[in-house]
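Results of the structural survey
Each chain, written out:
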Amino acid sequence: MSSRFIGVDEKPALPYLIMYGIQHVLAMFAGIVAVPLMVGTALKLPGEQITILVQGSLLSSGIGTLVQSLGIGRLGARLPICMGTAFVFISPFISVGSQLGIQAILGAVIVGGIVEFVFSFFVWRIQKYVPPVVTGTVVVLIGMGLMPLGFTWLAGGESSLFGQPISFAIGGLVLVILILINQFTKGFWPSISVALAIVVGYLAAGIAGVLNLGLVKEATWFAIPKVFSFGLPKFSFPAILAVLVAQFASMLETIGDTYATGLVAHKEIGRRELSGAISVDGLLSSIAVLFNGLSITSFSQNIGVISITGVASRFAVAVSGIILLLMGLVPKFAALIASMPAPVLGGAALVMFGAIAGSGILQFREAKVFGEREIFIFAISVALGMGFGLHPEGALEHLPSYLTVILGSGVAVGGITAIILNQLLPLRQKEE
């Protein structure tokens, strides 16, 4: 830990840079690997393909973090911002992938990233059209929509462990450890509570004899990922529309994180920093597909690390990007993560999904006015989003296929509803 504040452009000695970089990796690691694990598990991909997803996510997160912190031309905010795979995309990815396959996800990611990159040139002009009532509703829907999936994993997932007492015991242990670390430790420990709880759960699964490390034995120590391992991307309009809603939410999250980073790093945020941050969010998401990665965005938890340590050096964050990049070149490491039993993932996922919904509710605090109009927008959007997102099997089978992809995503339905209602419903005189 640093005893004095270290500014954005300061470059501490290499040993300290490495230590600070490791701290950032520990804080963001669980979030990076959780998304490919959750999406791959939900789509029932083979273990080998989940390993490829994890490896691709580590690589793309490392590259994105390097570009964001060091900058290349107009790309990058040149701020201590860490990039990782985005939770906001889990729900639409699962919805699209279960109906159209993973190649449709990759195609939608490419288009969504390009659209966000274009938005980066004039992003400051569109913020007023998406107030907290819209963004908060979208984030709440993401968290609520994923909770049933988290409980399924807690119960054992799609395996012989489903419903077995050992599954609830392991998942419950992860959940309890996570809560205890968050509530009864101070300093840096709460920021890595998810990673620590998962490690404990992983060890418990090994002791209980429900851990299969066959993938790890087969994986090599070093490998450069094959480009388009899942095949060439497919471009489907319904898939693109479903992912675009999440892409927009991701962009708004990066806007907020950029301003928050500027606050803790004592750095004024102007158009160049904001545009640079969003450009990485979009362009690197599209490029991540080449390495079999998924969409990336800024990670809020690393802002907490800066606040706690007083180390705002962008070069320290660049070191964390190098560490992630090296991890992505070690398939054995990715296979170790892909071998994680469903109850271990479920115990952590339930807390993370609940935290996502909670962070959406917190966004309502930003609204200076949250009266009957805003409550109405929130209520209708959540009702439609959850209704379509958790629809009974067969409820949409008589609709055109291009509609079922969009309507099957609660985030897309609820997000589009919130945006439309916010524009159509008039403000009352006091609210104006």
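Keep in mind it's a predicted model, so treat the numbers as computed, not measured. (Residues numbered from 1 in each chain as written. Predicted model: local features only at pLDDT ≥ 70, side-chain atom pairs only at ≥ 80, totals over all residues. Heavy atoms only, no water.)

What follows covers the environment of G112. Locating G112 in the fold gives a position in helix α4 (residues 102–119). Between the C-alpha atoms of G112 and Q247, which are 135 residues apart in sequence, the distance is 6.1 Å. If sequence neighbours within four positions are ignored, G112 has contacts with L244 and Q247. (Helix = DSSP H or I, 4+ residues; strand = E, 2+ residues; numbered from the N terminus. Contact = heavy atoms within 4.5 Å.)

Ranked by size, the top nonpolar core spans 74 residues in total, and within it M38, I90, F93 and I105 carry the most contacts. Sort the elements by how many residues they give to this core and helix α1 (residues 14–42) lands first, with twelve residues. What I90 contacts, discounting residues up to four positions off in sequence, is V35, M38, V39, L146 and F353. Residues L75, L79, V123 and I278 belong to the second largest nonpolar core, which totals 22 residues. (Core = buried A, V, L, I, M, F, W, Y, C linked by side-chain atoms within 4.5 Å. Buried < 20%, exposed > 50% of the residue type's maximum accessible area, 1.4 Å probe, protein only.)

Right, let's get into the confidence of the model for the protein. Residues shown with low pLDDT carry predicted positions that ought not to be read at fine detail. Per-residue pLDDT for the protein has a mean of 80; in total, 88% of the residues score no lower than 70. The least confident element of the protein is helix α16 (residues 401–407), whose mean pLDDT is 65; the most confident is α4, at 91. (pLDDT = per-residue confidence, 0-100.)

What follows covers unusual backbone geometry. Positive phi outside glycine occurs at K44, with the angle close to 60°. Within the secondary structure, K44 sits in the loop between α1 and α2 (47–70). A residue is classified by how much of its surface remains accessible, and K44, at 58% relative accessible area, is exposed. One non-glycine residue with positive phi stands out, namely F228, at about 55°. Along the chain, F228 turns up in the loop between α8 (214–218) and α9 (237–264). A relative accessible area of 22% means that F228 is categorised as partly exposed.

The next point concerns the environment of W153. Take W153: it is sitting in helix α5 (residues 132–154). Those residues in contact with W153 that lie beyond four places of it in its chain are M38, T41, A42, A342, P343, L345, G346, A349 and F353.

The full count for this structure, using the stated rule, is three salt bridges. Residue E273 is joined to R272 by a salt bridge in which the shortest nitrogen-to-oxygen separation is 3.2 Å. Accessibility expressed as a relative area gives 10% for E273, which makes it buried. (Salt bridge = Lys/Arg side-chain N within 4 Å of Asp/Glu carboxyl O.)

Right, let's talk about helix α17 (residues 410–424) for a bit. Taking 1.5 Å of rise per residue, 15 residues should cover 21 Å, and α17 covers 21 Å from first to last C-alpha, within 8% of that figure. Those residues of α17 that fall on the buried side of the exposure criterion are G410, V411, A412, V413, G414, G415, T417, A418, L421 and N422. (Expected span 1.5 Å × (residues − 1).)

All right, on to α5 then. Between its first and last C-alpha atoms α5 spans 32 Å; for 23 residues at 1.5 Å apiece the expected length is 33 Å, and the two agree. Remark: the principal bend of α5, roughly 35°, maps to M147, with a proline, P148, within the next four residues. Looking one or two residues past α5, G156 carries a phi angle of roughly 125°, positive in sign. (Bend = angle between axes of the 7 residues up to and from the residue.)

Structurally, Q68 is set in helix α2. Classification of Q68 by relative accessible area gives buried; the value is 0%. Among all residues touching Q68, those that are not within four sequence positions of it are G76, A77, R78, L79, I81, M83, G276, A277 and V280.

Moving on, we come to a nonpolar patch on the surface. On the surface, I114, V118, F121 and F122 cluster together to form a nonpolar patch covering roughly 330 Å² of accessible area. Looking at the secondary structure, you find F122 in the loop between α4 and α5. (Patch = residues over 30% accessible without salt bridge, like charges linked within 9 Å, V, L, I, M, F, W, Y side chains within 5 Å. Areas by Shrake-Rupley, 256 points an atom, 1.4 Å probe, with all protein chains shown as cover.)

Under the criterion given, the structure shown has five aromatic pairs. Between F117 and F121, the aromatic rings sit 5.4 Å apart at their centres with planes inclined by 80°, giving edge-to-face as the arrangement. Relative accessible area serves as the criterion here: at 21%, F117 is assigned to the partly exposed category. Classification of F121 by relative accessible area gives partly exposed; the value is 41%. The ring of F315 is capped by K11, whose NZ or CZ atom sits 4.7 Å from the centre of that ring. Here the basic side chain of R74 rests over the ring of F121, its NZ or CZ set 4.0 Å away from the ring centre. (Phe/Tyr/Trp six-rings, centres within 6.5 Å; stacked < 30°, edge-to-face > 60°. Lys NZ or Arg CZ within 6 Å of the ring centre and 35° of its normal.)

Before going further, it helps to spend a moment on the packing of α2 against helix α10 (residues 271–288). Contact pair α2 / α10: the axes reach a minimum separation of 10 Å and the direction vectors enclose 155°. For the element pair α2 / α10, the angle class is roughly antiparallel. The hand of the α2/α10 crossing is right-handed. Residue-level contacts link S60, I63, G64, V67 and Q68 of α2 to G276, A277, V280, L284 and A288 of α10. Residues belonging to the contact of α2 with α10 are distributed by class as follows: six nonpolar, four polar and no charged. (Axes fitted to C-alpha atoms, helices over the stretch in contact; angles between N-to-C directions. Parallel < 35°, antiparallel > 145°, perpendicular 65-115°, else oblique. Left-handed = near helix turned anticlockwise from the far one by under 90°. Nonpolar A, V, L, I, M, F, W, Y, C, P; charged D, E, K, R; others polar.)

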